[in-house]
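Below, each chain spelled out in residue letters.
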2 protein chains.
Amino acid sequence: MPILSKRESIISQALKLFYQHGFNATGIDRIIAEAGVAKKTLYNHFKSKDELILAVLRKRDELFRNKMMRETESLGKTPRDRLLSIFEAHHLWFQEPSFVGCMFINASAEFSAPEDPRHSICAEHKRLVREYIQDLAKQAGAENPEALSQQLNLLLEGAIVEAHVSGNKEAANQAKAMAKVFVNLAF
Amino acid sequence: MPILSKRESIISQALKLFYQHGFNATGIDRIIAEAGVAKKTLYNHFKSKDELILAVLRKRDELFRNKMMRETESLGKTPRDRLLSIFEAHHLWFQEPSFVGCMFINASAEFSAPEDPRHSICAEHKRLVREYIQDLAKQAGAENPEALSQQLNLLLEGAIVEAHVSGNKEAANQAKAMAKVFVNLAF
DNA sequence: ATCTATGTATACAGATCTGTATACTTAAAT
DNA sequence: ATTTAAGTATACAGATCTGTATACATAGAT
């Protein structure tokens, strides 16, 4: 029994390549070469490249939110602290050498039509991140958890774009300072 | 003398297609068909697709910032008003049926490497937008124009992403409400 | 009027893309 | 032991991609 199933190897390698080089720029041949599988194996598990892309985006959502929530909860003790430690978790992410922005923002750039299933998954991911923040805000006892989560989420998105497009690795700290203002106003 | 030179036609059509469908997904053949020119004409003006992409991004920067500054200054009377009317100008942009996010964020998604010239132009565009905000902040007499422009810029970026990825067409208004807090704190 | 620059139309080279087909191998289950 | 499922390796079809080549047309400037 291998550590990773063939299917998992394909998704894992495709995730790396799609994230680093983009979706349209990454060919199937490159993916199977890096994953070390035959082309037929890939098409045995996924009936098309688009299906693989959907599977990769679902995997990324799972991995990203799990890591983000784990780090946020490790960096902040109380729910209210965690409203700010989200930004610290993002700061750590921005420092990673492989950081090239948010995969879902990037995917939305290549698949712009909102009705495209590949775009819908991106919107869904963003909704789940915002709902996590809303849960924290509710636990913290904020007066309007939805409004606060909307505000903090918008700051996070701005920081991600600043960090990637402009290479501003301090964007998360700047966003955190701004977030403090809204957290303080929310109680 | 035609209304648009061949070169301008090519750039104009390429801009529409690149913006709507992405850079890698848009082929040269499609561009020349829409522009109504021969392939040799395109390669007479641009020595490669990459050069055309650079020319398109420069043109987009010019058109976008001109329009944004014009609308901002039409919607706001004083420099301080204009620090907020930027968000109104963005709101109008988000309502356009053809809106599919910021072309520079989208380009950065496809050309992730920061040293890629196509990425550099995106960073440069973002710098120029932020400098415009900084100028307004300076004219308005803000205590720390650079810090304020950094804050407002981050809010704008967040709104653009929210509007495109999540389809939240009210993102600019939400960002504007947040911006008011920082503008009020800045004097 | 003739030369030059610029354009059109089209074919094509060579690479790369997605997806399928073929033939062989291997390992597990009955 | 034999069947079945899943994998490998490779070739290939058919489309599309960037960029070049060829042959011809046209309009302006000298």
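In this text, all values refer to a predicted model and were calculated from it rather than measured experimentally.

The rules behind these values
- Residues numbered from 1 in each chain as written.
- Chains lettered and ligands numbered in written order.
- Predicted model: local features only at pLDDT ≥ 70, side-chain atom pairs only at ≥ 80, totals over all residues.
- Heavy atoms only, no water.
- Near = heavy atom within 4 Å.
- Polar contact = N/O pair within 3.5 Å; in protein donor to acceptor, adjacent residues only side chain to side chain.
- Helix = DSSP H or I, 4+ residues; strand = E, 2+ residues; numbered from the N terminus.
- Buried < 20%, exposed > 50% of the residue type's maximum accessible area, 1.4 Å probe, protein only.
- Contact = heavy atoms within 4.5 Å.
- Least-squares fit on C-alpha atoms with pLDDT ≥ 70 in both.
- Nonpolar A, V, L, I, M, F, W, Y, C, P; charged D, E, K, R; others polar.

## Some thoughts on the protein's contact with DNA strand C
Contacts to DNA strand C come from 17 residues, most closely from Ile28, Lys39 and Lys49 of chain A together with Ala38 and Thr41 of chain B. Counting only the atoms of DNA strand C within 4 Å of the protein, the fraction contributed by sugar and phosphate is 56%. Between DNA strand C and Lys6 of chain B there is a distance of 3.3 Å, counted from a phosphate oxygen to a side-chain nitrogen or oxygen. Between DNA strand C and Ala38 of chain B, the relevant distance is 2.9 Å, taken from a phosphate oxygen to a main-chain nitrogen or oxygen of the residue. Elements represented by at least two residues in the surface near DNA strand C include exactly α2 (28–35) and α3 (39–45) of chain A together with α3 (39–45) of chain B. Sort the elements by how many residues they give to the surface near DNA strand C and α3 of chain B lands first, with 4 residues.

## Some remarks on the environment of Ala123 of chain A
If you trace the backbone, Ala123 of chain A turns up in helix α7 (residues 117–140). A residue is classified by how much of its surface remains accessible, and Ala123 of chain A, at 23% relative accessible area, is partly exposed. The sequence separation of Ala123 of chain A and Ile105 of chain A amounts to 18 residues, and the corresponding C-alpha distance is 9.1 Å. Not counting residues within four places of it along the chain, the set of residues in contact with Ala123 of chain A comprises Val165 and Ser166 of chain B.

## Some remarks on the relation of the copies chain B and chain A
One chain copy maps onto the other through a rotation about an axis and a shift parallel to that axis. Expressed as a screw operation, the relation of chain B to chain A combines 0.0 Å of axial shift with a rotation of 180°, fitting to an RMSD of 0.0 Å. Here the transformation between the copies is reduced to the relation of a two-fold axis. Among all residues of chain B, the one whose C-alpha sits closest to the rotation axis is Gly158 of chain B, at a distance of 1.9 Å. The fraction of interface residues of chain B whose copies in chain A are also interface residues reaches 100%, indicating that both copies meet through the same surface.

## Digging into the protein's contact with DNA strand D
The full set close to DNA strand D counts 17 residues, and Ala38 and Thr41 of chain A together with Ile28, Lys39 and Lys49 of chain B are the nearest of them. Protein-adjacent atoms of DNA strand D, using a 4 Å cutoff, are sugar or phosphate at a proportion of 54%. At a separation of 3.4 Å, a phosphate oxygen of DNA strand D approaches a polar backbone atom of Gly36 of chain A. Lys39 of chain B places a side-chain nitrogen or oxygen 2.6 Å from a base oxygen of DNA strand D. The element best represented in the surface near DNA strand D is α3 of chain A, accounting for 4 residues. Here the surface near DNA strand D is built from residues that sort into 4 nonpolar, 7 polar and 6 charged.

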